[in-house]
Amino acid sequence: MNPTLMRAVVEAVVFAGLSGDDVVQPDAAVSQLEQLGAILRRLTPEERDIFDKYTRDLANTEEAESGHTQRVEFLRSLATNIGLFN
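Now for a look at the structure at hand. (Residues numbered from 1 in each chain as written. Predicted model: local features only at pLDDT ≥ 70, side-chain atom pairs only at ≥ 80, totals over all residues. Heavy atoms only, no water.)

### A few points about the environment of Glu-47
By the secondary structure assignment, Glu-47 is in helix 3 (residues 45-66). In this structure the side chain of Glu-47 is engaged in a polar contact, spanning 2.9 Å, whose partner is the backbone nitrogen of Thr-44. (Helix = DSSP H or I, 4+ residues; strand = E, 2+ residues; numbered from the N terminus. Polar contact = N/O pair within 3.5 Å; in protein donor to acceptor, adjacent residues only side chain to side chain.)

Have a look at this one:
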């Protein structure tokens, strides 16, 4: 899978998931996250694992650079939270 495309998807999910109500209308954010999740659930099991590993590795890298943040926690659970794993 393409790391650049994975990063673009991750950043879209993080933006919708972590932006406050003053930045993104909550119902719009939920709708966008549901739509992205539905698209990502079309990935094969192997691709889901790759995406999950990518987000966890990104979380670890960011934690090493910036410490434990809300974004790091969000990244660690991203794949599960958007429904890639039951």
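Having put the structure on the table, let's press on.
### Some points on the pattern of salt bridges
Charged atoms that come close allow side chains of opposite charge to pair. All chains considered together, the criterion is met by eight salt bridges. Among the ionic pairs, Glu-11 bridges to Arg-7, the shortest N-O distance being 2.8 Å. Here Glu-11 pairs with Arg-7, and both are found in helix 1 (residues 3-18), just four residues apart, close to one helical turn. Across the salt bridge formed by Arg-7 and Glu-62, the nearest N and O atoms sit 3.9 Å from each other. Note that Arg-7 is positioned in helix 1 and Glu-62 in helix 3, a separation of 55 residues in sequence. Residue classification places Arg-7 among the partly exposed positions, given a relative accessible area of 33%. Each of Arg-7, Glu-11, Glu-62 and Arg-71 takes part in a single network of salt bridges with overlapping partners. (Salt bridge = Lys/Arg side-chain N within 4 Å of Asp/Glu carboxyl O. Buried < 20%, exposed > 50% of the residue type's maximum accessible area, 1.4 Å probe, protein only.)

### What to know about the packing of helix 1 against helix 2 (residues 26-40)
For any two helices packed against each other, the geometry comes down to the angle between their axes and how far apart the axes lie. The N-to-C vectors of helix 1 and helix 2 enclose an angle of 150°; their axes lie 9 Å apart at closest approach. On the basis of the axis angle, helix 1 is roughly antiparallel to helix 2. The interaxial crossing formed by helix 1 with helix 2 has left-handed handedness. Between helix 1 and helix 2, the residues in contact are Val-9, Ala-12, Val-13, Ala-16 and Gly-17 and Ala-29, Leu-33, Leu-36 and Leu-40, respectively. (Axes fitted to C-alpha atoms, helices over the stretch in contact; angles between N-to-C directions. Parallel < 35°, antiparallel > 145°, perpendicular 65-115°, else oblique. Left-handed = near helix turned anticlockwise from the far one by under 90°. Contact = heavy atoms within 4.5 Å.)

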